[in-house]
Amino acid sequence: LFCQGMELAGKIECWKTDAGGWDLFERTSMEKYLPGVLVKEVSAHSFPPAALRAQAVAARTYALFQIQVRSGRPQRWHVHSSTRSQMYQGIGKIPAKIQQAVEDTRGQVLMTDGHVFESFFHSTCGGVTCSVKTGFNLIPMAALSSVKCGGCRDAKYFRWKLEIPESILREAIAKVTGPNGIRLGRIRQVKPVDVDDAGYVPYLEIRHDEGSLEISTRRLRASLSSLTPKVSLRSIAFDVTRNEKKFIFHGRGYGHGVGMCQNGARGQARAGKTHEEILSHFYRGTELRTLW
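Residues numbered from 1 in each chain as written. Predicted model: local features only at pLDDT ≥ 70, side-chain atom pairs only at ≥ 80, totals over all residues. Heavy atoms only, no water.

Ranked by size, the top nonpolar core spans 58 residues in total, and within it Met260, Ile278, Phe282 and Tyr283 carry the most contacts. Of all the secondary-structure elements, those providing two or more residues to this core are helix 1 (30-41), helix 2 (49-70), helix 3 (96-104), strand 5 (108-111), helix 4 (132-136), strand 13 (260-261), helix 7 (262-270) and helix 8 (275-282). Considering every element that reaches this core, the biggest residue donor is helix 2, with twelve residues. Every residue in contact with methionine 260, bar those within four places of it in the chain, is listed here: Ala54, Gln55, Ala58, Phe120, Phe121, His122, Ala265, Ile278, Leu279, Phe282 and Tyr283. Core analysis: the second largest hydrophobic core is formed by 25 residues, Leu162, Val176, Val201 and Phe247 among them. (Core = buried A, V, L, I, M, F, W, Y, C linked by side-chain atoms within 4.5 Å. Buried < 20%, exposed > 50% of the residue type's maximum accessible area, 1.4 Å probe, protein only. Helix = DSSP H or I, 4+ residues; strand = E, 2+ residues; numbered from the N terminus. Contact = heavy atoms within 4.5 Å.)

And the structure:
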């Protein structure tokens, strides 16, 4: 069955929305779902088997957590098929290496204090991952603390540079502040606020002709991404300077930075680490259990 461009094997449910449209949901098992996640999240061609197995466990843990926290809620779904949860493409064109990684780790999940947790992962950390407190303003936990990576140095966005014209940056910030009635003048300075020990920037101070304000870097990233054309501020780990017309971001990594660095896992697997060792490195203090 093909649905919204995806080949699906599960049952399709159609629910009418209050607006008169239809929502389509796929009901499938965890082990049938995971290959469609891995094929979108990582590369079967360049990721060694241990890194693929680590990704399978992280994705399974994340999905199981979503099932548990959404149990009993009125919505009919547990995860999105986009980066709002984790990427998913259905069952079409699954490489044998990915199918094998899921089968090799069948039922394996990570636990901390006897519970599964929201096992975030991201593309590239640039050398050090971000704590869940800095990245998402959630309660600190050892399993999602900041750790040195050592495996993603060869990644495309280990280091990057982005130049944003003042007018474009002002447009993105205005999309965030405008609904609150904040008047925004020409931007004169962008200054990181509360930079953590790993170099991640949770907030920015914006000084402009009408005054100054603080903005969440995470919200700014989302706003820049919503512009046409899209502007990609690849992470919240950066320094920022300016010239006469542009603000210049020198950064590292790609993604929110919390949890397992996927390219870091690839590098560690190439160095001979097992998937158990990779997972225990990025998710400190966790236990790998087989639940089914």
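More follows now that the structure is in view.
What follows is about the environment of asparagine 263. Within the secondary structure, asparagine 263 is located in helix 7. Taking the C-alpha atoms as reference points, asparagine 263 and tryptophan 15, separated by 248 residues in sequence, lie 38 Å from one another. Apart from the residues within four sequence positions on either side, asparagine 263 is in contact with Phe47, Ser123, Thr124, Gly151, Cys152 and Ala155. Among the polar contacts made by the side chain of asparagine 263, one reaches the side chain of threonine 124 at a distance of 2.9 Å. At 3.0 Å, the side chain of asparagine 263 forms a polar contact with the side chain of arginine 266. (Polar contact = N/O pair within 3.5 Å; in protein donor to acceptor, adjacent residues only side chain to side chain.)

What the rule picks out here adds up to six aromatic pairs. Between the aromatic rings of phenylalanine 117 and tyrosine 283, the centroid separation amounts to 5.7 Å while the plane-to-plane angle is 65°, which identifies the pairing as edge-to-face. A residue pair is termed long-range when its members are at least 10 positions apart, and phenylalanine 117 in the loop between strand 5 and strand 6 (121-122) and tyrosine 283 in the loop between helix 8 and strand 14 (287-290) qualify at 166 residues. For the pair formed by phenylalanine 117 and tyrosine 283, the shared burial category is buried. In textbook terms, an aromatic cluster arises when at least three aromatic residues are bridged by ring pairs, as seen for Tyr62, Phe120 and Phe136. Positioned over the ring face of phenylalanine 158 is arginine 159, at 4.1 Å from the centre of the ring. Just above the ring of tyrosine 200 sits the side chain of arginine 252; from NZ or CZ to the centre is 4.7 Å. (Phe/Tyr/Trp six-rings, centres within 6.5 Å; stacked < 30°, edge-to-face > 60°. Lys NZ or Arg CZ within 6 Å of the ring centre and 35° of its normal.)

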